[in-house]
Structure formats: structure tokens, C-alpha cells
Amino acid sequence: MRPWLPTLLYVMCAAAAAAEAPAARPAADLIRDLGSNDRAARLLAAEGLRDQGRSAAAAVPALAKLLEDDDGRVRTAAAEALGAIGAPSMPALFTYLKHDKFEVRA
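Counting of residues starts from 1 at the beginning of each chain's written sequence and follows it residue by residue. For a predicted model such as this one, the threshold for reporting local features is a pLDDT of at least 70, and the threshold for listing and counting side-chain atom pairs is 80 or more; totals across whole chains, interfaces and linings nevertheless cover every residue. No hydrogens and no water enter the side-chain calculation; it runs on all heavy atoms of the structure.

### Digging into the confidence of the model for the protein chain
Close reading of the predicted structure is inappropriate where its pLDDT is low. The pLDDT value expresses, per residue, how confident the predictor is, ranging between 0 and 100. Model confidence for the protein chain is summarised by a mean pLDDT of 82, while 75% of its residues fall at 70 or above. Per the convention used, a helix needs a DSSP run of H or I reaching at least four residues, while a strand needs a run of E reaching at least two, with both numbered from the N terminus. The weakest mean pLDDT in the protein chain belongs to helix H1 (residues 5-20) at 58; the strongest belongs to helix H4 (residues 60-66) at 95.

### A closer look at the side chain of Arg75
Relative to the helices and strands, Arg75 is located in helix H5 (residues 72-85). Of the buried charged residues, Arg75 lacks a salt bridge, with Asp69 as the closest side chain of opposite charge at 5.9 Å. Counted as a polar contact is a pair of N or O atoms within 3.5 Å, where, for protein atoms, one must be capable of donating a hydrogen and the other of accepting one, and residues adjacent in sequence contribute only when both atoms are in side chains. There is a polar contact of 2.7 Å between the side chain of Arg75 and the backbone oxygen of Asp69. Buried residues are those whose accessible area, probed at 1.4 Å on protein chains only, stays under 20% of the maximum for their type, while exposed residues exceed 50% and partly exposed ones sit between those limits. A positive count includes Lys and Arg, and a negative count includes Asp and Glu. His and the chain ends are not counted in either. Salt bridges are defined as contacts in which a side-chain nitrogen from Lys or Arg sits within 4 Å of a carboxyl oxygen from Asp or Glu.

### Looking at the pattern of salt bridges
Side chains carrying opposite charge are able to pair once their charged atoms draw close together. Under the counting rule described, the total for this entry stands at seven salt bridges. Between Asp33 and Arg25 there is a salt bridge; the shortest N-O distance is 2.7 Å. Among the residues examined, Arg25 registers a relative accessible area of 36% and is labelled partly exposed. For Asp29, the salt bridge goes to Arg32, with nearest N and O atoms at 3.4 Å. Taken as a pair, Asp29 and Arg32 lie in helix H2 (residues 27-33) at a separation of three residues, close to a single helical turn.

Dropping the structure here:
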């Protein structure tokens with residue numbers, strides 16, 4: 001086997017996977033999904049907004065509400081998204097640091 005062949009195969013697979021990756025959904029759609037009754041939809045929406053970073057600043061109020069979600073993974077994804085958004089989310093994060101429930105503060 002040629003020594004460069006595994007590297008070539010890896011690069012080709014990575015390129016194919018990137019080509020098949022779904023395009024980022026619009027922030028408005030993701031913000032709508034944050035209010036879904038489906039835990040998986042809320043989780044994926046928060047993760048999608050995290051990936052958009054600062055440009056998802058309009059989602060701060062909806063993400064802040066998710067910090068009280070019953071599901072820990074959703075709360076974590078919301079906190080990560082707020083962190084990725086940066087300065088616009090700081091007032092919301094500071095408010096939740098004083099919350100009565102430990103799970104929300106953590």
C-alpha cells in the first residue's frame with residue numbers, strides 16, 4: 001500500500017462529507033424551533049444558533065428562556081449559544097446566575 005493513500009482517502013471522504021453537509025438554517029427558523037415541544041428540535045435549534053455566533057443575537061431572549069428547560073442538554077446548548085453570541089447575551093447570562101434553581105445556575 002502506498003504511504004500517501006490513507007491520507008488521500010481521508011481528504012476525499014472529508015470533502016464528500018462537507019459537500020453533503022446541510023446548509024445553515026436561517027436564524028428566524030431556529031428561533032421558532034426554540035419554542036418547540038420537541039426536545040430534539042430545541043436542542044438542534046440551540047446548536048444551530050451557537051454555530052451562527054454573533055449573527056444570532058436576535059435569539060438571546062429565546063435562548064435565555066431555554067436556560068430553564070427541563071432537559072440538561074438543552075440548557076447546556078442554550079448556554080453555549082449565548083456564549084458564542086457574546087456581549088449581547090451577557091445581561092441575560094448574568095440574570096440567570098442569580099436564579100433560585102441550581103440546575104439553571106450550573
